[in-house]
Amino acid sequence: MIVDSARFKEATGLNAHDVFLYPPALPPKRLLKNETQLPVNIVDVVYSLSFEWGEMRYIAVQNDTADELHEDDAIWIFFDENAGGFFDEDFSDSQLSPEALQTMRDFVHSSFRDENSLLYKLMKARQAEWEAHAKAYKEKREKR
């Protein structure tokens, strides 16, 4: 569900941002090609909660196969807690081949299902980090 903040305020008298606080972005957690043997660098592993979308998990994938990091042009591969439920992504502007994109989806599907995998452990750490960060941000705002 996407919430129009103006209509939300009209209906409830509340600001959506005050109801659901968005803490600033966390520093990126990366998985580089030389660590994973994947065709693409993962420039960030992200967990967050969104007022509009709810719980979100995704990897931000570099939009080229270069060894050096190019985080300014990334595509997002979303997945659910079972490493499935990929959104119908539109990667028509992607510089990655369909094979590279499929390799990344396959990586998420197999790796995130394995509790011993680096992706699984990073995502769980990211979730705990995000929750602590959001709590601290909320407490800071409440003190104002």
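Residues numbered from 1 in each chain as written. Predicted model: local features only at pLDDT ≥ 70, side-chain atom pairs only at ≥ 80, totals over all residues. Heavy atoms only, no water.

### A short note on the overall build of the protein chain
Tallying secondary structure elements over the protein chain gives five helices and three strands in all. Along its sequence from the N terminus, the protein chain presents helices and strands in the succession α-α-α-β-β-β-α-α. Out of the 144 residues in the protein chain, the part that is buried amounts to 40%. A sequence separation of at least 24 residues applies to 53% of the contacts in the protein chain between residues at least 6 apart. (Helix = DSSP H or I, 4+ residues; strand = E, 2+ residues; numbered from the N terminus. Buried < 20%, exposed > 50% of the residue type's maximum accessible area, 1.4 Å probe, protein only. Contact = heavy atoms within 4.5 Å.)

### Here's the deal with helix 5 (residues 118–143)
Taking 1.5 Å of rise per residue, the 26 residues of helix 5 would be expected to cover 38 Å, and the 37 Å separating its terminal C-alpha atoms lies within 8% of that figure. Those residues of helix 5 that sit buried are Leu 119, Tyr 120, Leu 122, Met 123, Arg 126, Gln 127, Trp 130, Ala 134 and Tyr 137. (Expected span 1.5 Å × (residues − 1).)

### Things to note about the pairing of strand 2 (residues 54–62)
Of all nine residues in strand 2, seven are buried, a share of seventy percent or more. Hairpin connection, strand 1 (residues 42–50) to strand 2: the antiparallel pair is bridged by three residues. Two strands pair when backbone bridges link them, and strand 2 and strand 3 (residues 74–79) are joined in this way by six bridges, in the antiparallel orientation. Bridging across to strand 3, Gln 62 finds its partner in Ala 74. (Pairing = 2+ DSSP bridges.)

### Description of the packing of aromatic side chains
The geometry of an aromatic ring pair is captured by the separation of the ring centres together with the interplanar angle, meaning the angle of the planes. All chains considered together, the criterion is met by six aromatic pairs. Each ring, one from Tyr 47 and one from Trp 130, has its centre 6.1 Å from the other, and the planes form 75°; the classification is edge-to-face. Residue Tyr 47 is located in strand 1, and its partner Trp 130 is located in helix 5; the two are separated by 83 residues in the primary sequence. For Trp 130, a relative accessible area of 9% gives the class buried. Counting every residue linked through ring pairs, the aromatic cluster contains Tyr 58, Trp 76 and Phe 78. (Phe/Tyr/Trp six-rings, centres within 6.5 Å; stacked < 30°, edge-to-face > 60°.)

### Here's the deal with the sheet that holds strand 2
Two orientations exist for strands paired in a sheet by backbone hydrogen bonds: parallel and antiparallel. Taken in spatial order, the three strands line up as 1-2-3 in an open sheet, and their pairing is antiparallel. For this open sheet the edge positions go to strand 1 and strand 3, each flanked by a neighbour on one side alone. Strand-to-strand twist of the sheet, defined as the mean angle between neighbouring strand axes without regard to direction, takes the value 25°. Those strands touched by helix 4 (residues 98–112) are strand 1, strand 2 and strand 3, and its axis lies near 40° from that of strand 3. Strand contacts of helix 5: strand 1, strand 2 and strand 3, with the helix running at about 45° to strand 1, the strand carrying the most contacts. (Axes fitted to C-alpha atoms, helices over the stretch in contact; angles between N-to-C directions.)

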